[in-house]
Amino acid sequence: MNELKVFQYGCGKMSVYTMKYVLDNGGKIVGAVDINPDVVGKDIGEIIGIEKTGVIVKNASESKELLMNLKPDIAIVTTMSLMNDVKDALLVCAECGVNAITTCEEAFYPMNSNPNLTREIDLLAKKNNCTITGSGYQDAFWGNLITTLVGASHNIKKIKGSSSYNVEDYGIALAKAHGAGLTKEEFQNQIASADEVSEEERNKVIESGEYQPSYMWNVNGWLCDKLGLTVVSQTQKCVPQFNDYDIESSTLGMTVKAGMVTGMSAVVTTKTKEGITLETECIGKVYNKEEFDRNEWTVYAEPDTTLVIEKPATVELTCATIVNRIPDVIKAEPGFVPTSKMGELKYVK
């Protein structure tokens, strides 16, 4: 990665690690942008916690000009979780012919949740000979680790996964998206009801570009693509989570009272032509004092095999995965290419 030129799009919490890891690996941060006025104008060294570098964070409105002038090898986009929210960032990279990798969870496999936008980015990237993709924690811990387990299994019937995270660590937008702080009735009306529709109705929403998938929706698509499985049907159900005592939420700026929603479990069930069912769950909520992050997967086969990882450092692992994927993105064919097409995740130094 020596002398690789990297452009940082989004200079929040995740960028602290992505920029540090790029620099540690011999790469060079040539430019950075954000929309937050408290960040714009800062030297990236102040964000990372090192001495000043001379690279000043510019407003994201200047992205096109900066990308055209700086001609980076790749842009790292660390902003939001949905494709519609990172649309402008990915399109400007594709327009300028700059490879891009994003932490956007939906971008891990957006073909099954926002196909029209994905196709638009894909065509523009192909036209300008660059590659766009999504990666992060799920690439390693919900993707490659699982396909490795599958590769050691025989006569698979089911793949079941569950991963939990504290919404306090990821900001108010994510916390609210998980229903934290709502009443049971509000959760039903605002969140759960969106998935209580027929397959035909869901497909219409997906085609419109307005579907809001849980993280595992795209993970299941990625796994099926990687494993060569044919999806017959896929459903999602959002289940509210509760606690029997009050919990303070600094992110929400409120006390989540006993009986109020602390977050949700989103369960995605995918049935395949090959007879293998994927049942995956992500649990995002305001943790009580006994809870911690946990990643658990079981491959039901001959033999059954379970993988459990407790207290993973999700932010740092996400950012290390992003940086380690950079050489794969640069080598990949042009277009929007999921990492399921890029081979195994490798350590880069």
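Please read all numbers here as calculations on a predicted model, not as lab measurements.

### Quick notes on the sheet that holds strand β14 (residues 305–310)
Then, number 1: Read from one edge to the other, the open sheet built from six strands follows the order β8-β11-β12-β7-β13-β14, with strand pairing classed as mixed. Strands with a single pairing partner mark the edges of an open sheet, and in this sheet they are β8 (231–242) and β14. Each strand of the sheet is rotated relative to its neighbour by a mean of 10 degrees, with strand direction disregarded.
Then, number 2: Relative to strand β13 (residues 294–302), strand β7 (residues 154–166) is paired through eight bridges, and the arrangement is antiparallel. Residue pairing in the sheet places I159 in a bridge with V299 of β13.

### Focus: the side chain of N218
Then, number 1: Within the secondary structure layout, N218 lies in helix α10 (residues 215–227).
Then, number 2: The buried category is assigned to N218, whose relative accessible area is 1%.
Then, number 3: Here Y109 takes part through its backbone oxygen, which lies 3.0 Å from a polar atom of the side chain of N218.
Then, number 4: In this view, N218 contacts E105, E106, F108, Y109, P110, N112, S113 and P213; residues no more than four positions away in its chain are not counted.

### Thoughts on the pairing of strand β12 (residues 277–285)
Then, number 1: Summarising the sheet, β7 and β12 pair through nine bridges and their orientation is parallel. When the sheet's bridge partners are listed, S162 is paired in β12 with E281.
Then, number 2: Hairpin remark: strand β11 (residues 261–272) followed by β12, antiparallel, with four residues in the connecting loop; positive phi at G275, about 90 degrees.

Thresholds, definitions, all that
Residues numbered from 1 in each chain as written. Predicted model: local features only at pLDDT ≥ 70, side-chain atom pairs only at ≥ 80, totals over all residues. Heavy atoms only, no water. Pairing = 2+ DSSP bridges. Helix = DSSP H or I, 4+ residues; strand = E, 2+ residues; numbered from the N terminus. Axes fitted to C-alpha atoms, helices over the stretch in contact; angles between N-to-C directions. Buried < 20%, exposed > 50% of the residue type's maximum accessible area, 1.4 Å probe, protein only. Polar contact = N/O pair within 3.5 Å; in protein donor to acceptor, adjacent residues only side chain to side chain. Contact = heavy atoms within 4.5 Å.

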